[in-house]
Amino acid sequence: MAAQNPEKQKTTSSEEVVSPNTPSAMDTSRIDLGHIEVLQILNEYGEVDKGLEPDFSNERLLEVYRAMVLARAFDKRMMTMQRQGRMGTFAPNIGQEACIIGQVTSLREDDWFAPSYRSFGAQIMRGWPMEHLMRLWAGFHDGFPPPNNVNDLPFSIVIGSHVLPAVGIGIGMKYKKKNNCVVVNYGDGASSQGAVSEALNFAAVYQAPVVFICENNGWAISTPTHKQTANEVLASHGVAHGMLSIRVDGNDILAMMCATKEATDRARAGEGPTFIEAVTFRMSLHTTADDPTVYRNDEEVKVWEARCPMARFETYLKNKGVLDTDSIKQTLASCEEEVIKARDTFYEMPPADPTEIFEHLYETFPMELQKQRAEYMQRLRQKGVGE
Ligand SMILES: Cc1ncc(C[n+]2csc(CCOP(=O)(O)OP(=O)(O)O)c2C)c(N)n1
Ligand SMILES: [Mg+2]
């Protein structure tokens, strides 16, 4: 009998067998690492490698833990709002909290962060108010510019497009003899963009104080990493351009914090750029406009559920005696409350002026656009908008 369920048929065809796209950073059984080092400090059971354990204060560890919980709470709330029709399309960061937050923990206020779109956990940590980010994802252009005290680029949706400007900022810092650095992130998909290779080359040649975080989360929408590139060790891109490169377990917050700390220290000391491949996994949708069940297998997701960055950090903090069941509950409740507050502030913000779409293009407004604007405003009035 012919299969009734087209999805089932798809996942059992020879083309769609369980994707081989599941290795963690530590699984080197089918890849050749060459001379690239791999870093993991906290394994998926929450066990710490005592020889590598960093001496971050308990206060610092709890601050980072809270940032991860907040990122997840924000993510969940945004998803609910989007499904209620009260939020635009957005890109969830569930499962990537360690990778995303760990990459900015060693940045100072006067350093720069150049993110791609799946980075709101880091943006919140850098000082972006959550209501500002909600405004951004809801499509208001006033959500895009960074708040005044935040030295970040607006996130880039055009994949890889922000990497060259980030290197330019780094070269500028070096030229001005500033003791600062830039962290720039992009995905496995963006790694195929020509401009990203140019950026790596410029950074290495000019020894720019830039830390590249290549977030290898297994997928670029529906393209798995093994179809993106025949060399799945993306850290080799850094090696190819002549810079210090490392492959890090991106679901291990301690490894991410330590690798980035070392890289930012090197950058500030004038020792040039570092390339960090963070191996992680996109647990949820690419964006809310996506349905991953049509192109990836649930079993792959399950494998990565067991590598959850939050669970292993909680186990570590519990074993260390700095977190217990009660404080876990309290942290979650206070983060959820903070997100709800931001949501309510966002809902109270004034709506956009629909005529703004005609602005910011011309110094002298052309006659043709004046006519179009008049016609548009008349139509809005007919629809009762703006009265
Ligand atoms: C230049 C460009 N081409 C295509 C797209 C459409 N697009 C949006 S996200 C994406 C995949 C990016 O994947 P990856 O870089 O791995 O980042 P991830 O979404 O996995 O975090 C594509 C192709 C785009 N935004 N920009
Ligand atoms: Mg990706």
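Residues numbered from 1 in each chain as written. Chains lettered and ligands numbered in written order. Predicted model: local features only at pLDDT ≥ 70, side-chain atom pairs only at ≥ 80, totals over all residues. Heavy atoms only, no water.

Enquirer: How would you summarise the overall build of the chain if you had to cite specific residues and measurements?
Expert: From N to C terminus, the chain includes 14 helices and eight strands. By the compact-globule yardstick of 21 Å for 387 residues, the chain fits well, its C-alpha radius of gyration being 22 Å. Dimensions of the chain along its principal axes, counting C-alpha atoms only, are 70 × 70 × 45 Å. When burial is assessed residue by residue, the chain has 50% of its 387 residues classed as buried. (Helix = DSSP H or I, 4+ residues; strand = E, 2+ residues; numbered from the N terminus. Rg over C-alpha atoms; globule rule 2.2 N^0.38 Å. Buried < 20%, exposed > 50% of the residue type's maximum accessible area, 1.4 Å probe, protein only.)

Enquirer: So what's going on with the packing of helix H6 (residues 163-175) against helix H7 (residues 194-205)? Residues and values would help.
Expert: Put simply, H6 and H7 touch, their axes get as near as 8 Å, and they point 15 degrees apart. Relative to H7, the element H6 is oriented roughly parallel. With respect to the hand of their crossing, H6 and H7 are arranged in left-handed fashion. Facing Val163, Leu164, Val167 and Ile171 of H6, the residues of H7 in contact are Ala195, Val196, Glu198, Ala199, Phe202 and Ala203. Residue composition of the contact of H6 with H7, grouped by class: nine nonpolar, no polar and one charged. (Axes fitted to C-alpha atoms, helices over the stretch in contact; angles between N-to-C directions. Parallel < 35°, antiparallel > 145°, perpendicular 65-115°, else oblique. Left-handed = near helix turned anticlockwise from the far one by under 90°. Contact = heavy atoms within 4.5 Å. Nonpolar A, V, L, I, M, F, W, Y, C, P; charged D, E, K, R; others polar.)

Enquirer: Before we move on, could you go through the side chain of Asp75 and cite the residues and values that matter?
Expert: Among the secondary structure elements, Asp75 is positioned in helix H2 (residues 58-83). As a buried residue without a salt bridge, Asp75 has its nearest oppositely charged side chain in Arg72, at a separation of 7.1 Å. Leave out the neighbours within four places in its chain, and Asp75 touches Phe90, Pro92, Asn93, Ile94 and Phe120. (Lys, Arg positive; Asp, Glu negative; His and termini not counted. Salt bridge = Lys/Arg side-chain N within 4 Å of Asp/Glu carboxyl O.)

Enquirer: Go over the packing of aromatic side chains, please, and point to the residues and values.
Expert: Applying the stated rule across the entire model yields 13 aromatic pairs. Their ring planes at 40 degrees and their centres at 5.6 Å tell us that Phe346 and Tyr347 sit as a pair that is tilted. The exposure class assigned to Phe346 is buried, which follows from its relative accessible area of 7%. Taking relative accessible area as the criterion, Tyr347 reaches 26% and is therefore assigned partly exposed. An aromatic cluster is defined as three or more aromatic residues linked by ring pairs; in this entry it consists of Phe74, Phe90, Phe120, Trp137, Phe144 and Phe155. The ring of Tyr347 carries Arg86 above its face, with NZ or CZ at 3.8 Å from the centroid. (Phe/Tyr/Trp six-rings, centres within 6.5 Å; stacked < 30°, edge-to-face > 60°. Lys NZ or Arg CZ within 6 Å of the ring centre and 35° of its normal.)

Enquirer: Give a detailed account of the nonpolar core, specifying residues and quantitative values.
Expert: Counting residues in hydrophobic clusters, the biggest one holds 69 residues, and the most contacted among them are Phe74, Met134, Trp137 and Phe313. At 13 residues, the largest contribution of residues to this core is made by H2. Contact partners of Trp137, with chain neighbours within four places excluded, come to Met78, Met87, Gly88, Thr89, Phe90, Ala91, Tyr117, Phe120 and Phe155. Within the second largest apolar cluster, 22 residues are counted, among which are Ala199, Ala208, Phe212 and Cys214. (Core = buried A, V, L, I, M, F, W, Y, C linked by side-chain atoms within 4.5 Å.)

Enquirer: Any details on the coordination of the magnesium ion (ligand 2)? Residues and values, ideally.
Expert: Here the magnesium ion (ligand 2) is held by Asp188 (OD), Asn217 (OD1) and Trp219 (O), and the distances to it run 2.1 to 2.2 Å. Mapping the donors of the magnesium ion (ligand 2) onto the primary sequence yields the spacing D-x28-N-x1-W. An identical accessibility class is assigned to Asn217 and Trp219; each is buried. (Donors = N, O, S within 2.8 Å, 3.2 Å for Na, K, Ca; no water.)

Enquirer: Lay out the site of ligand 1 in plain terms, naming residues and giving numbers.
Expert: Around ligand 1, a shell composed of 15 residues is seen, among which Tyr117, Arg118, Gly189, Ala190 and Trp219 lie nearest. One nitrogen or oxygen atom from the side chain of Asn217 is found 2.9 Å from an oxygen atom belonging to ligand 1. Starting from 580 Å² of accessible surface for ligand 1 in isolation, the protein chains cover 73%. For the shell around ligand 1, the per-class residue count stands at eight nonpolar, five polar and two charged. (Near = heavy atom within 4 Å. Polar contact = N/O pair within 3.5 Å; in protein donor to acceptor, adjacent residues only side chain to side chain. Areas by Shrake-Rupley, 256 points an atom, 1.4 Å probe, with all protein chains shown as cover.)

Enquirer: Can you break down helix H14 (residues 367-382) residue by residue, with the values?
Expert: Three or four residues apart is the spacing at which side chains of an α-helix point the same way, because the helix has 3.6 residues per turn. Taking 1.5 Å per residue, 16 residues should reach 22 Å; H14 reaches 23 Å between its end C-alpha atoms and fits that length. At the exit of H14 stands Gly384, carrying a positive phi of roughly 80 degrees. (Expected span 1.5 Å × (residues − 1).)

Enquirer: Tell me about the domain arrangement of the chain, residues and numbers included.
Expert: What the domain assignment reports for the chain is domain 1 (32-348) and domain 2 (353-387). Summarising the inter-unit geometry, the C-alpha centres of domain 1 and domain 2 are found 39 Å apart. (Domains from an automatic or database assignment.)

Enquirer: Just give me the short version of the pattern of salt bridges, but keep the residues and values in it.
Expert: Under the definition given, this model contains 18 salt bridges. The salt bridge involving Arg72 is made with Glu97; its shortest N-O contact spans 2.7 Å. Residue Arg72 is located in helix H2, and its partner Glu97 is located in helix H3 (residues 97-102); the two are separated by 25 residues in the primary sequence. The buried category is assigned to Glu97, whose relative accessible area is 0%.

Enquirer: Report on the pairing of strand S7 (residues 244-249), specifying residues and quantitative values.
Expert: By the criterion of burial, S7 is predominantly enclosed, with five of the six residues buried. With three bridges joining them, strand S1 (residues 37-39) and S7 adopt parallel strand pairing. In the strand pairing of S7, Glu37 is matched with Ile246. Judged from the six bridges that link them, S7 and strand S8 (residues 274-279) form a sheet pairing that is parallel. By the bridge assignment, Asp249 is partnered in S8 with Val279. The parallel pair S7 and S8, bridged by helix H10 (residues 253-268), forms a crossover whose chirality is right-handed. (Pairing = 2+ DSSP bridges. Right-handed = clockwise from strand over helix to strand, strands pointing away.)

Enquirer: Lay out the environment of Val184 in plain terms, naming residues and giving numbers.
Expert: Residue position: Val184 is located in strand S3 (residues 182-187). In this structure Val184 comes out as buried when scored by relative accessible area, which is 0%. Sequence separation between Val184 and Glu44 is 140 residues; the distance between their C-alpha atoms is 26 Å. Excluding residues that lie within four positions of it along the chain, Val184 makes contacts with Ala114, His162, Val163, Ala166, Val210, Val211, Phe212 and Ile213.

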